[in-house]
Structures are given as structure tokens and as C-alpha cells.
Amino acid sequence: MPETAKPVYLVDAYSDPVVIRITGRASFQNSATINDFISECMRQGKTRFVIDFQDCESMDSTFLGVLAGAALKLRKCDSGSLVLARMGKRNLELARNLGLQHLATVECGDFPMNFGAPNTPLSARAMTELDHARLALEAHENLLAADEGNRSKFQDVVAFLKNRVEQK
């Protein structure tokens, strides 16, 4: 995938579980798309999600924090679940280093994808710099809630983002 190509999120919102396929880079620049989609699905009563990472090139802490937040919300549902499927070695390492395996089922290797074919692309909404800062702050606070060991990793980021959000 060329450097300039945007990541693509393909979904099947009508399958059970809801399937999200990530192609490209999952980062702070496009995390709101997944956050909004999962939130809307949950508002509609959908509580089972599989995220397919087979074609995900990389991800950052904001994206992982969005996933942590979704997993924390899904834990409050009777049948809520989040599966992070077909993670490559590097993405698996990132997810485990931040404690996501405590909140979601983390699968690597050949996870059976015998349900929904995600073919609907998600479109991103326009966001201001302040919107991005708020999302990044919430995502990093989710990582602190996911694993206390993340506090030392992200305390400076959280302090910076809080300051930025409060100044606006």
C-alpha cells in the first residue's frame, strides 16, 4: 500500500458478530471512524464484534485506546464481546504490551472467519484539532483503565492532552 493511501475500514454491520476489517494503518487520524461505528452499533443493541487485522499494517496507541474503550463498554453488556482476530506478530505484541488481552479475545494465526463479508467502507467525519485531542485523551485514559502498567507509559501524553483540551 503506498504511503499516501488512506486506510480502509470495511464492515458488515448486519452480521452477528459485527465484522470490521482493517486494511492499512490504524491511527489517531482515523480512530474516530471505528469509535463512532462501534458506538452506533452498540446503541442499536449489537454487542458482539470481530475485528480482522490480517491486512492491518500498523496501529498506534490512540487506536488501541479506542479498542480498549470499546472492550470496557462491551464488558458491561451481558453478551458483549470483542475479538481481535488474525493479528500479525507486531500488532499482537503491541496489543499485549498494552494489556488488551485482559479486555478482549486476542487471536493470532488462522482465525476462522466463517461469517459476514465486510464490504461496506466506513467514511470519516470531519474533525477539528480539538475533537482529535479529546478522542486521543479518552483513548489514552482507556489504556490506563485497561492496565495500570500503562500509567508510566502514557502519563505525560495524558497530561499534555488534558492541558490541550482544557486550553481550548
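Nothing here was measured: the structure is a model prediction, and the numbers come from that model.

A. A look at the overall build of the chain. Secondary structure assignment for the chain yields five helices and six strands. N-terminal to C-terminal, the α/β element order of the chain is β-β-α-β-α-β-α-β-β-α-α. Over its C-alpha atoms the chain spans a radius of gyration of 15 Å, differing by no more than 12% from the 15 Å that the globule rule assigns to 168 residues. Each of the three principal axes of the chain carries a C-alpha extent, and together these read 45 × 35 × 35 Å. Residue pairs at least 24 apart in sequence account for 71% of intrachain contacts in the chain once pairs closer than 6 positions are excluded. In the chain, the 20 positive side-chain charges and the 21 negative ones have mean positions that sit 2 Å from each other.

B. Local environment of the sheet that holds strand β1 (residues 8-12). Spatially, the six strands line up as an open sheet ordered β5-β4-β3-β2-β1-β6, and their pairing is mixed. Two strands close off the open sheet at either side, each with one partner strand: β5 (105-108) and β6 (120-121). Two elements, strand β4 (residues 81-87) and β5, share three bridges in a ladder whose sense is parallel. The residue bridging V83 from the neighbouring strand is T105, located in β5. Packing of helix α1 (residues 31-43) onto the sheet brings it into contact with β1, β2 (18-26) and β3 (48-59), and relative to β2 it is tilted by some 170°. Of the strands in this sheet, β1, β2, β3 and β4 touch helix α2 (residues 61-75), which is tilted by about 170° from β3.

C. Structural context of the packing of aromatic side chains. Applying the stated criterion to the full structure yields one aromatic pair. With 6.3 Å between their ring centres and 75° between their planes, F53 and F63 make a pair best called edge-to-face. Placement of the pair is F53 in strand β3 and F63 in helix α2, with a sequence separation of ten residues. The burial state of F53 is the same as that of F63; both residues are buried.

So, how was this worked out
Residues numbered from 1 in each chain as written. Predicted model: local features only at pLDDT ≥ 70, side-chain atom pairs only at ≥ 80, totals over all residues. Heavy atoms only, no water. Helix = DSSP H or I, 4+ residues; strand = E, 2+ residues; numbered from the N terminus. Rg over C-alpha atoms; globule rule 2.2 N^0.38 Å. Contact = heavy atoms within 4.5 Å. Lys, Arg positive; Asp, Glu negative; His and termini not counted. Charge placed at Lys NZ, Arg CZ, Asp CG, Glu CD. Pairing = 2+ DSSP bridges. Axes fitted to C-alpha atoms, helices over the stretch in contact; angles between N-to-C directions. Phe/Tyr/Trp six-rings, centres within 6.5 Å; stacked < 30°, edge-to-face > 60°. Buried < 20%, exposed > 50% of the residue type's maximum accessible area, 1.4 Å probe, protein only.

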